[in-house]
Amino acid sequence: MPNRVLVRNGSIVSMDPTVGDLVGDLLIEDGVIGAVGPDLQVDEADMEVVDASDHVVIPGFIDTHRHMYQNLLRGLGSDWSLIQYCVAMFGTLGPNFTATDMYLANKLAALDALDAGVTGVFDWSHNQLTPEHTDALIEGIAATGIRAQFGYGGSMEQYAECLAEPFRSTTHTNAAEVRRLRDRFPSDDGLITLGLAARGPELSVMEVVKADWALARELNIRINSHLGQGVFPGRPALMPLLQAGLLGDDLTLGHCNLLEDEEMKVMADHGVTATVTPEDESNMGHGFPPILRLMKAGVVPNIGVDTCVGVGGDQFTAMRFALGVPRAQANAAQLDAGENPWDLELSARDVLEMATIAGARALGQADRIGSLAPGKQADLVLINAADVSMTPLLDPVAAVVHHASRSTVTDVFVAGNRVKKDGRLVGVDGAELHRSATAAAQGILERSGVKPGWKPATH
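Okay, so let's go over this structure. (Residues numbered from 1 in each chain as written. Predicted model: local features only at pLDDT ≥ 70, side-chain atom pairs only at ≥ 80, totals over all residues. Heavy atoms only, no water.)

**As for the packing of helix 3 (residues 131–142) against helix 5 (residues 175–184)**
Two packed helices can be described by the angle between their axes and the distance between those axes.
Phase 1 of the analysis: For the pair helix 3 and helix 5, interaxial distance at closest approach is 12 Å and the crossing angle is 35°. Viewed along their axes, helix 3 and helix 5 form a crossing whose handedness is right-handed. Touching P131, T134, D135, I138 and E139 of helix 3 are E177, R180, L181 and R184, all from helix 5.
Phase 2 of the analysis: A breakdown of the residues in the contact of helix 3 with helix 5 according to their chemical character gives 3 nonpolar, 1 polar and 5 charged. (Axes fitted to C-alpha atoms, helices over the stretch in contact; angles between N-to-C directions. Helix = DSSP H or I, 4+ residues; strand = E, 2+ residues; numbered from the N terminus. Left-handed = near helix turned anticlockwise from the far one by under 90°. Contact = heavy atoms within 4.5 Å. Nonpolar A, V, L, I, M, F, W, Y, C, P; charged D, E, K, R; others polar.)

**Some details on the packing of helix 5 against helix 6 (residues 206–219)**
Phase 1 of the analysis: Contact geometry of helix 5 with helix 6 gives a least axis separation of 11 Å together with a crossing angle of 20°. Considering their axes alone, helix 5 and helix 6 lie roughly parallel with respect to each other. By crossing handedness, the relation of helix 5 to helix 6 is classed as right-handed. Contact with helix 5, carried on its side by A175, V178, R179 and R182, involves L215, E218 and L219 of helix 6 and no other residues of that element. (Parallel < 35°, antiparallel > 145°, perpendicular 65-115°, else oblique.)

**Notes on the nonpolar core**
Phase 1 of the analysis: Counting residues in hydrophobic clusters, the biggest one holds 118 residues, and the most contacted among them are M267, M319 and I383.
Phase 2 of the analysis: Tallying contributions element by element places helix 2 (residues 99–115) first for this core, with 9 residues.
Phase 3 of the analysis: Setting aside anything within four residues of it in sequence, one finds I383 in contact with D54, H55, V56, I58, F316, M390, V400, A404, T408 and V409.
Phase 4 of the analysis: Ranked by size, the runner-up nonpolar core spans 16 residues in total, among them I12, I33, L372 and L382. (Core = buried A, V, L, I, M, F, W, Y, C linked by side-chain atoms within 4.5 Å. Buried < 20%, exposed > 50% of the residue type's maximum accessible area, 1.4 Å probe, protein only.)

**Considering the sheet that holds strand 8 (residues 147–152)**
Phase 1 of the analysis: Sheet architecture is open: 8 strands sit in the order 6-7-8-9-10-11-12-13, paired in parallel fashion. Looking along the sheet, the strands with just one partner apiece sit at the ends: strand 6 (61–66) and strand 13 (302–303).
Phase 2 of the analysis: Here 3 bridges tie strand 11 (residues 251–255) to strand 12 (residues 273–276), and the two strands are oriented parallel to one another. The residue of strand 12 that forms the bridge with T252 is T273.
Phase 3 of the analysis: In the packing of helix 3 onto the sheet, the strands contacted are strand 7 (118–125), strand 8 and strand 9 (192–198), and the crossing angle to strand 8 comes to about 165°. (Pairing = 2+ DSSP bridges.)

**Observations concerning helix 3**
An α-helical turn contains 3.6 residues, so any two residues separated by three or four positions project in the same direction.
Phase 1 of the analysis: Between its first and last C-alpha, helix 3 extends 17 Å over 12 residues, near the 16 Å set by a 1.5 Å rise per residue.
Phase 2 of the analysis: Three or more residues of helix 3 are buried, namely H133, T134, A136, L137, I138, G140 and I141.
Phase 3 of the analysis: Taken together, the buried residues of helix 3 touch helix 2, strand 7, strand 8, helix 5 and strand 9. (Expected span 1.5 Å × (residues − 1).)

**What about unusual backbone geometry?**
Phase 1 of the analysis: Backbone torsion omega between T391 and P392 reads -5°, so that peptide bond is classified as cis.
Phase 2 of the analysis: Mapping P392 onto the fold places it in the loop between strand 14 (380–384) and helix 14 (396–403).
Phase 3 of the analysis: The residue D39 is not glycine, and still its phi comes out positive at about 50°.
Phase 4 of the analysis: Note on placement: D39 falls in the loop between strand 3 (32–37) and strand 4 (48–51).
Phase 5 of the analysis: On the basis of relative accessible area, D39 is assigned to the exposed category, the value being 55%.

**Details of the environment of A99**
Phase 1 of the analysis: On the secondary structure map, A99 appears in helix 2.
Phase 2 of the analysis: Taking the relative accessible area as the measure of exposure, A99 reaches 24% and is therefore partly exposed.
Phase 3 of the analysis: Placed 32 residues apart in sequence, A99 and P131 show a C-alpha to C-alpha distance of 9.2 Å.
Phase 4 of the analysis: Those residues in contact with A99 that lie beyond four places of it in its chain are E132, H133 and A136.

Take a look at the structure:
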């Protein structure tokens, strides 16, 4: 592929306050954005020119909370509650993945993400059965060209331990494995970087929590942890972390549904970021996505898909949940108070920010991804504005949030590499992927002794 690419005449939504929104061009040089502006004067010799007329150009979406290996069981848990999901994955299904399954699962998940315009993802990976399984997960990601922060999250045994009383794991994270992976990925500048998917104070005793945080900070890797989700109501939430001096801007907390407003203010004071997974949370019973409460506390949340066992795998749907559910909550409160909801408290641009630059902040990579500006990595998405679902294009931001879908994503670039072109993933044999994924999923179900439609017993 040429080292220089010119994306010409697109409706650019940069998510950068200096660049702004414009109809114009974007120059890619050696994987980096060289310039953005109207009618760039560029020598087009020895350069690939991409005609972006009738396209909206946006930063690639960043999914900050996805259990990628679970894509191989897509839809199996559509009617599961959160506790049923935990019982099923940790007690029955998770232990029956082979290393080969893991490779295929993460490859499938990464391709699914790229197809829908997700260029960066935090892989919340909590099925580390053996080092071979872990390496296979990483190789599956690497085979696709996506940008990923691999969150090492421990083993199924540790999570199964969390489901038994007293809901507190005493088993420590395999520090030797985390150190091995840090040696493999010593830099935070590549497409694949390392993070720690920590169980946190709702799932582990504080001795384990402190050890996890200390390990991550010694190795200078980011921490991502579930907190305040509906499966553990009444359990200690944020305050143990505050009291232990563990809060910081290297920490992202997922869900936060049951946290108090004051706890969210503490998060803001310490630079802690928050991930919401609004489709998953709304469907599985975590509690309402706390988007407006987080924003009022000073925390701009980022968006994740969570698990395709139960929900879809694209940020378009997640954004619509992130916009519609909080609006419905706010409007209902006003109506209950006898007031007319004249003004909406959340905008389409707000949720596009959550899905792009806010996600980059959660990965600790806002200096290189999440917006379209000179000097940043060329992670970008072209969306067909001439599609019947997008016509006429009056407001590009509203069109992306409300009307676009993966079928309108024509082109996807990661670090300047074109991984989706003219509506098709580059170099992907879809028929073979379907065959191998179907066979692998059937094998997992057979070894687990379950069939589609199965619901785990929780009593």
